[in-house]
Amino acid sequence: MSYEKVAQAKPNIVIGTKQTMKAMKHGKVQEVIIAEDAEQQVTTRVLRLAEELTTPVTQVDSMNKLGRACGIDVGAAVVAIKQ
């Protein structure tokens, strides 16, 4: 399950759309995790860039669960696992 993967990779994660896109552009991301219940306008740019860079994308069902897996008290729309 991807939530567990995020929790295990905690020291090597990037949380949020802007930070994820920045890390992707620098070639530091091995996988992107996107919450299905996030607003589409937020996730579309990340999905487009991931496709362009051939970065694997995994979708999970809940922003709140993804945020908790990251160790934060708010939901997370996008999380990247760094290489």
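The rules behind these values
- Residues numbered from 1 in each chain as written.
- Predicted model: local features only at pLDDT ≥ 70, side-chain atom pairs only at ≥ 80, totals over all residues.
- Heavy atoms only, no water.
- Helix = DSSP H or I, 4+ residues; strand = E, 2+ residues; numbered from the N terminus.
- Rg over C-alpha atoms; globule rule 2.2 N^0.38 Å.
- Buried < 20%, exposed > 50% of the residue type's maximum accessible area, 1.4 Å probe, protein only.
- Contact = heavy atoms within 4.5 Å.
- Areas by Shrake-Rupley, 256 points an atom, 1.4 Å probe, with all protein chains shown as cover.
- Lys, Arg positive; Asp, Glu negative; His and termini not counted.
- Charge placed at Lys NZ, Arg CZ, Asp CG, Glu CD.
- UniProt positions renumbered as here; feature names shortened; annotations may be inferred.

## Some thoughts on the overall build of the protein
Thought 1: The helix and strand tally for the protein stands at four helices and four strands.
Thought 2: Each helix and strand of the protein, ordered N terminal to C terminal, gives the series α-β-α-β-α-β-α-β.
Thought 3: Here the C-alpha radius of gyration of the protein, 11 Å, is about what a compact globule of 83 residues would show, namely 12 Å.
Thought 4: Dimensions of the protein along its principal axes, counting C-alpha atoms only, are 30 × 25 × 20 Å.
Thought 5: Scored against the burial criterion, the 83 residues of the protein give a buried share of 42%.
Thought 6: For the protein, the proportion of contacts with a sequence separation of at least 24, taken over those separated by at least 6, is 78%.
Thought 7: Per element, the accessible surface of the protein, about 5000 Å² overall, is 45% carbon and sulfur.
Thought 8: Across the protein, the mean location of the 11 positive side-chain charges is 9 Å away from that of the 9 negative side-chain charges.

## Remarks on the UniProt feature "domain: Ribosomal protein eL8/eL30/eS12/Gadd45" (unreviewed entry) in the protein
Thought 1: The residues that UniProt annotates with the feature "domain: Ribosomal protein eL8/eL30/eS12/Gadd45" (unreviewed entry) are residues 4–82.
Thought 2: As a span, residues 4–82 carries 44% helix and 24% strand, and end to end its C-alpha atoms are 15 Å apart.

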